[in-house]
Amino acid sequence: MWTCAMETPLEKALATLVCTFHKYSGREGDKFTLSKGELKELVKNELGLGDRMKEGGIEQLMKNLDKNSDHEIDFKEYSVFLSTLCMAYNEFFQGGGK
């Protein structure tokens, strides 16, 4: 992970998002994309959803994210996933956590 002398909390968050992608990408195949297995590991380890998400859920997530149908998740597709999660978290907290 890179560091900057004057990192703000937002810069740190962005660095974490980028570094997390690259922590999992390239374990299988292309080093700049996530395979279904890599996506599953990322979701399981970094989001804590793996134990609650069944195999069909990973399949559906992969299908929803893979907009160019290449059976890989590139950084742009990953970014859309994170933006969607951020919007869901925002809605949750605006609703008082209900």
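Residues numbered from 1 in each chain as written. Predicted model: local features only at pLDDT ≥ 70, side-chain atom pairs only at ≥ 80, totals over all residues. Heavy atoms only, no water.

Caption draft 1: Here's a closer look at the overall build of the protein. In terms of regular secondary structure, the protein is built from four helices and two strands. In the protein, the succession of helices and strands from N to C terminus is α-β-α-α-β-α. Taken across its 98 residues, the protein has 26% of its residues classed as buried. (Helix = DSSP H or I, 4+ residues; strand = E, 2+ residues; numbered from the N terminus. Buried < 20%, exposed > 50% of the residue type's maximum accessible area, 1.4 Å probe, protein only.)

Caption draft 2: Representation of a nonpolar patch on the surface within the structure. Together, Leu10, Leu14 and Leu17 give the surface a local cluster of nonpolar side chains, amounting to about 280 Å² of exposed area. The partly exposed category is assigned to Leu14, whose relative accessible area is 48%. (Patch = residues over 30% accessible without salt bridge, like charges linked within 9 Å, V, L, I, M, F, W, Y side chains within 5 Å. Areas by Shrake-Rupley, 256 points an atom, 1.4 Å probe, with all protein chains shown as cover. Salt bridge = Lys/Arg side-chain N within 4 Å of Asp/Glu carboxyl O.)

Caption draft 3: Quick peek at the layout of surface pockets. Reported here for the largest pocket is a volume of approximately 250 Å³. Forming the walls of the largest pocket are Thr16, Leu17, Thr20, Leu42, Glu46, Leu47, Tyr78, Phe81, Leu82, Leu85, Cys86 and Tyr89. Secondary structure elements with two or more residues in the lining of the largest pocket: α1 (9–24), α2 (36–46) and α4 (75–94). Here the residues of the lining of the largest pocket are counted per class, giving nine nonpolar, two polar and one charged. (1 Å grid on protein atoms, 1.4 Å probe; cavity = no way out; pocket = protein on both sides within 12 Å on 5 of 7 lines; lining within 4 Å. Points joined across faces, edges and corners; volume = space filled by probe spheres on them. Nonpolar A, V, L, I, M, F, W, Y, C, P; charged D, E, K, R; others polar.)

Caption draft 4: The packing of α1 against α2, seen in detail. Orientation of α1 relative to α2, taken along the N-to-C sense of each, is 130°, at an axis distance of 9 Å. Put simply, α1 runs oblique to α2. You can see that α1 and α2 cross each other, and the crossing is right-handed. Listed contacts from α2 to Thr20, Phe21, Lys23 and Tyr24 of α1 are Glu38, Glu41, Leu42, Asn45 and Glu46. (Axes fitted to C-alpha atoms, helices over the stretch in contact; angles between N-to-C directions. Parallel < 35°, antiparallel > 145°, perpendicular 65-115°, else oblique. Left-handed = near helix turned anticlockwise from the far one by under 90°. Contact = heavy atoms within 4.5 Å.)

Caption draft 5: Expanded view of the side chain of Ser25. Relative to the helices and strands, Ser25 resides in the loop between α1 and β1 (33–34). Sequence-distant contacts of Ser25, defined by excluding residues within four places in its chain, comprise Asp30, Lys31, Phe32, Thr33, Leu34 and Glu38.

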